[in-house]
Amino acid sequence: MIEIKNLRKVFGDKVVINNVSAVMEAGKTNLIIGASGSGKTVFMKCLVGLFEPDEGHILYNGQDFTNMEDEQRKELRQQIGMLFQGSALFDSQTVEQNVMFPLDMFTRLNHHEKLKKVNEVLDRVNLKDANKKFPAEISGGMKKRVGIARAIVLNPRYLFCDEPNSGLDPQTSLVIDKLIHEVTKEFNMTTVINTHDMNSVMEIGDHIIYMYQGEKEWEGSNKQIIYSKSKKLNDFIFASEFLQDVKEMRMIEAEGKAVNGKNGN
Amino acid sequence: MTVFNHFGRYLLMIKGMFTKPENWRMYWKELMKQCQDIGIGSLGIVVIVALFIGAVSTLQTAYQLVSNLIPKSTIAQIVRDTVILEFAPTITCIVLAGVVGSKIASELGNMRVSEQIDALEIMGINTKAYLIMPKILASFLMIPVLVIIAGVLGIWGGRLAGILSGILSPEQFDEGLLSGFLPFNVSFALYKAYTFAFIISSIPAYFGYFVKGGALEIGKASTTAVVTSCIMILFADYILAALLL
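Please read all numbers here as calculations on a predicted model, not as lab measurements.

*Asks:* What should I look at first to understand the sheet that holds strand β3 (residues 29-34) of chain A in this one?
*Replies:* Within a beta sheet, neighbouring strands are joined by backbone hydrogen bonds and run either parallel or antiparallel to one another. Residues and elements named next belong to chain A. A sheet is described by the order of its strands in space; here 6 strands give the open sequence β6-β7-β8-β3-β9-β10, paired in mixed fashion. At either end of the open sheet lies a strand with only one pairing partner, and these are β6 (80-83) and β10 (215-220). For this sheet, the mean inter-axis angle between neighbouring strands, taken without regard to orientation, is 20°. Pairing analysis gives 5 bridges linking strand β9 (residues 207-212) to β10, with the strands arranged antiparallel. Following the sheet pairing, Tyr212 is matched in β10 by Glu215. Across the sheet, helix α5 (residues 140-152) lies against β6 and β7 (158-162), angled at about 175° from β6, the strand it touches most.

Written out as structure tokens, the structure is:
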């Protein structure tokens, strides 16, 4: 579980994150959504320690990350996996070497054991026969899967995904979303996803935080988002006519079910 | 950013490299990789530059020494000292600033822009120690070796050019080569090599590590790194000559 208390981050005169508090629970996919420039990426970078917050606290299972010594922070970071927007795979290493890297750095396993573990996670992300390929030789979707494999190879307790669907076609996006959701449940990880993708919001949003101009505007689940009264959230989520139609259909469906339920059908 | 900001951040980067490695074996592997990239990867250009610089030194020295009162072996003496004191360390390192410096800056710049450095940081790895320290250590190990190779080949190239052009005989060249030799000159060349090795590796590492933006900025950082390294090499060359000679 990650607790965020009154987080604030300022760049020069600009307040990018203003007094944001939230709780990211274990075993759930926690989504941070918002328009470009709303502070999502800065928020996530504060959570993983790539930016230092100016005020507030971030607690990983009760341990205050913001006041940790470097060594403690290093130890905690070994429990964090992160999938980057551009996958951030090491160009000069093969898929196998990329996934093996955290094992090489932080474990004392022999090569055979490491290889076994690498093959297990690559199987888990449905990526076979790509071990010897370089990142430049595989597709965007495969890169994301390698990124997920590398992020989970040390069995982390926390998984962060920065725009995991960017640059992917809708079908591959669904596969990646499903995969992240499954591994979250399987390993009981606290997963935080930064996304613009409305499919992800509807499909895997166990817990959603909507950010608007650096502040938390709304918080809830994908089931609650349809009924949200927040105009800013509705303008953002249901921006197109198509999505508005989907929202109306969903509401009608939900009302129909409620009426049927009352009638005992 | 002012020069002082850059210098301060550069010093902090150097300070940040000194932490206990997360895994000695991985750091050793990275050091060996860098030794290969910097040493073996630059050997070809160093050999070519050294041979030609030695050869041209012999021809130009002979061209300027027109007096019959000066023995031909003096040409070899001048070539030897020029190559050892200046050409082998300084010219080789200026060439290496281009070859190695641009590679270091663009490699780190690309890693920064594509978030590979962030990925390492999040894994709990000190990226300054893991990515920059091995490059500086590898430069310390390999650049003096390259300078020695350049010195030997420069003199050999000078000898070959002198013989092939008929300026002086092998015996005359060897006589001049051995007369009035000061071993300190070799030490001085090595002092220079170590100083330049630090400049060639740390300055491009700084510009690459702190790149912001995209491909265009990586190119700019690479150019700035090479230009700054060359200027710093010439500046350090003067300071060392003024202090030690």
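The structure having been displayed, the exposition proceeds.
*Asks:* What exactly am I supposed to notice about the interface of chain A and chain B here?
*Replies:* Frequently, the measure chosen for interface size is the accessible area removed from exposure when the parts meet. Each partner contributes to the interface: chain A provides 15 residues, whereas chain B provides 13 residues. In terms of residues, the side of chain A that touches chain B owes the most to one element, helix α3 (residues 95-106) of chain A, which gives 4 residues. Split by residue class, the side of chain A that touches chain B holds 10 nonpolar, 2 polar and 3 charged.

*Asks:* Quick question: what am I supposed to make of α5(A) here?
*Replies:* For an α-helix, 3.6 residues make a turn, and residues three or four places apart therefore share a direction. Residue and element names in this part refer to chain A. The end-to-end C-alpha distance of α5, which contains 13 residues, comes to 19 Å, matching closely the 18 Å that a straight helix rising 1.5 Å per residue would cover. Across the 13 residues that make up α5, a large majority, 10, are buried. All of the buried residues in α5 are Lys143, Lys144, Arg145, Val146, Gly147, Ile148, Ala149, Arg150, Ala151 and Ile152. Those residues of α5 that are buried lie in contact with β6, α3, α4 (111-124), β7 and α6 (170-186).

*Asks:* Mind showing me how you'd approach the packing of helix α2 (residues 24-64) of chain B against helix α3 (residues 73-113) of chain B here?
*Replies:* Packed helix pairs are specified by the crossing angle of their axes together with the interaxial distance, meaning the distance between the axes. The interhelical angle for the contact between α2(B) and α3(B), taken along N-to-C directions, is 145°, at an axis separation of 9 Å. Pair α2(B) / α3(B) crosses with right-handed handedness.

*Asks:* How should I be thinking about the sheet that holds strand β4 (residues 55-60) of chain A in this particular structure?
*Replies:* All names here are of chain A. The 4 strands are arranged β2-β1-β4-β5 in an open sheet whose pairing can be described as antiparallel. Each edge of the sheet is formed by a strand with only one pairing partner; in this case those strands are β2 (14-24) and β5 (63-64). One ladder, built from 5 bridges, connects strand β1 (residues 2-11) with β4; its direction is antiparallel. By the bridge assignment, Arg8 is partnered in β4 with Glu55. Packing of helix α1 (residues 40-48) onto the sheet brings it into contact with β1, β2 and β4, and relative to β2 it is tilted by some 60°.

Procedures and definitions
- Residues numbered from 1 in each chain as written.
- Chains lettered and ligands numbered in written order.
- Predicted model: local features only at pLDDT ≥ 70, side-chain atom pairs only at ≥ 80, totals over all residues.
- Pairing = 2+ DSSP bridges.
- Helix = DSSP H or I, 4+ residues; strand = E, 2+ residues; numbered from the N terminus.
- Axes fitted to C-alpha atoms, helices over the stretch in contact; angles between N-to-C directions.
- Contact = placed C-beta atoms within 7 Å.
- Nonpolar A, V, L, I, M, F, W, Y, C, P; charged D, E, K, R; others polar.
- Expected span 1.5 Å × (residues − 1).
- Buried ≥ 20, exposed ≤ 12 C-beta atoms within 10 Å, placed from the backbone.
- Left-handed = near helix turned anticlockwise from the far one by under 90°.

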